[in-house]
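Working through the structure, step by step
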Amino acid sequence: MFSRKKDEPSDLLPAMQVVSGGVYFGIIKTSSPIRIEGDFKGIIFCNNKVIIDKKATVSGDILCHEIVVGGLVEGNVICKSKCLLQADAVISGVVRTCLFENVENSSVSGPVYVNKENTNIDIDEYYNLFNKKENLEKIKAEYFSLPQKLIMIAS
């Protein structure tokens, strides 16, 4: 009788978490919700909801369906649906989304592009462009030459 639209992200608990207590490096590609509680350096491709906790820092770009930012993002955010900045959240980069909401004391240091056409963003297409050998080698040289605690690649 009641059904959920197929392109809506799940409201269930995140299937993947980056916990606090260290710095994590890598590339994440997932269709499951993800929660970042610690420090992450890399790129996130998520066809679901991304939650950046208040004490978390992400250094790198995030491409997702929906995002809730409570901490710091040093990179660009490309979001198909809604981008929500909670109190004291900071994004240092460009935001491209369909719906943008922020609360008191949050900030974005780059331009914010809000357009209904952003619902057409294809995260898998971005990942395929990113995953071309020449692009991947450049990214690997930058991120993976650093001392690593963990590299995560999920599907």
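Please read these numbers as outputs of a predicted model, since none were measured by experiment. (Residues numbered from 1 in each chain as written. Predicted model: local features only at pLDDT ≥ 70, side-chain atom pairs only at ≥ 80, totals over all residues. Heavy atoms only, no water.)

Per-residue pLDDT for the protein has a mean of 81; in total, 71% of the residues score no lower than 70. Within the model, the stretch residues 1-13 combines pLDDT values under 50 with twelve contacts to residues more than four positions away or in other chains. Here residues 146-155 is a poorly scored stretch, pLDDT under 50, and it has 25 contacts once near neighbours within four places are set aside; other chains count. (pLDDT = per-residue confidence, 0-100. Contact = heavy atoms within 4.5 Å.)

Right, let's get into the environment of isoleucine 67. Note that isoleucine 67 resides in strand 6 (residues 62-69). Given a relative accessible area of 0%, isoleucine 67 falls into the buried group. Along the sequence, isoleucine 67 and asparagine 48 sit 19 residues apart, while their C-alpha atoms lie 8.5 Å from each other. Contact partners of isoleucine 67, with chain neighbours within four places excluded, come to Val50, Ile52, Ile62, Val77, Cys79, Lys82, Cys83 and Leu84. (Helix = DSSP H or I, 4+ residues; strand = E, 2+ residues; numbered from the N terminus. Buried < 20%, exposed > 50% of the residue type's maximum accessible area, 1.4 Å probe, protein only.)

What follows deals with the packing of aromatic side chains. Under the counting rule described, the total for this entry stands at one aromatic pair. Each ring, one from phenylalanine 45 and one from tyrosine 127, has its centre 5.0 Å from the other, and the planes form 80°; the classification is edge-to-face. Pair noted here: phenylalanine 45 is in strand 4 (residues 39-52) and tyrosine 127 is in helix 1 (residues 123-130), with a separation of 82 residues, a long-range link. In terms of burial, phenylalanine 45 and tyrosine 127 fall into one category: buried. (Phe/Tyr/Trp six-rings, centres within 6.5 Å; stacked < 30°, edge-to-face > 60°.)

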